[in-house]
Amino acid sequence: MAAPVIRLTRRVDFQRLTRKGTRRAMPGVVMQAIARPEADSHVCRVGFTVSKKVGGAVQRNRAKRRLRAAVAEVIQNPKPGHDIVLVGRKATLTRPWDALLDDVRRAGADLGVLSSERAQ
């Protein structure tokens with residue numbers, strides 16, 4: 001059964017992932033993940049962040065839109081009880097769409113946050 005996907009928005013959750021989560025760097029994206037042993041562990045929370053190193057506001061927002069679209073396409077059946085953060089890189093803006101999707105798939109599979117039928 002697919003876990004509902006909820007947006008991760010609180011700064012403290014992003015910081016917890018940075019400190020304690022596992023990460024996988026790909027050419028187009030960095031994915032961080034951590035398991036949550038909480039009461040709401042039947043959901044999967046996903047957050048997005050892009051630093052000013054990527055560019056101005058227009059470039060950062062474009063990178064976040066591409067990441068959100070990639071997650072909507074790839075992470076359709078996540079394992080419940082995980083927090084996932086996708087960190088945009090400069091390559092997120094120019095990477096071909098299929099390659100970006102493959103980066104998200106491979107990072108999710110390596111971190112174990114995708115169900116086996118979607119981690120191809």
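Going by the structure above, here's the rest.
Reading the values: the criteria
- Residues numbered from 1 in each chain as written.
- Predicted model: local features only at pLDDT ≥ 70, side-chain atom pairs only at ≥ 80, totals over all residues.
- Heavy atoms only, no water.
- Pairing = 2+ DSSP bridges.
- Helix = DSSP H or I, 4+ residues; strand = E, 2+ residues; numbered from the N terminus.
- Axes fitted to C-alpha atoms, helices over the stretch in contact; angles between N-to-C directions.
- Salt bridge = Lys/Arg side-chain N within 4 Å of Asp/Glu carboxyl O.
- Buried < 20%, exposed > 50% of the residue type's maximum accessible area, 1.4 Å probe, protein only.
- Patch = residues over 30% accessible without salt bridge, like charges linked within 9 Å, V, L, I, M, F, W, Y side chains within 5 Å.
- Areas by Shrake-Rupley, 256 points an atom, 1.4 Å probe, with all protein chains shown as cover.
- Lys, Arg positive; Asp, Glu negative; His and termini not counted.
- Charge placed at Lys NZ, Arg CZ, Asp CG, Glu CD.

A. Up close: the sheet that holds strand β2 (residues 22-25). With mixed pairing, the 5 strands of this open sheet are ordered in space as β1-β4-β5-β3-β2. Two strands in the sheet have a free side with no partner beyond their single neighbour: β1 (5-7) and β2. Across the sheet, the axes of successive neighbouring strands diverge by a mean angle of 25°, strand direction being ignored. In this sheet, strand β5 (residues 82-88) lies alongside strand β3 (residues 29-35) in antiparallel orientation, the contact comprising 7 bridges.

B. Just the pattern of salt bridges, in detail. The final tally for this structure, using the stated rule, is 9 salt bridges. Close ionic contact of R36 with D83 constitutes a salt bridge, the shortest N to O distance being 2.5 Å. With R36 in the loop between β3 and β4 (44-49) and D83 in strand β5, this residue pair connects regions lying 47 residues apart in the sequence. You can call R36 buried: its relative accessible area is 3%. Residue classification places D83 among the buried positions, given a relative accessible area of 0%. Linked by salt bridges that have partners in common, R10, D13, R16, R36, R45 and D83 make up one network.

C. Quick look at a positive patch on the surface. A grouping of R7, R62, R65 and R68 is seen on the molecular surface, where their side chains present a positively charged patch. Tallying contributions element by element places helix α2 (residues 57-74) first for the positive patch, with 3 residues. Here R7 lies in strand β1.

By themselves, these observations are geometric and do not establish any function.
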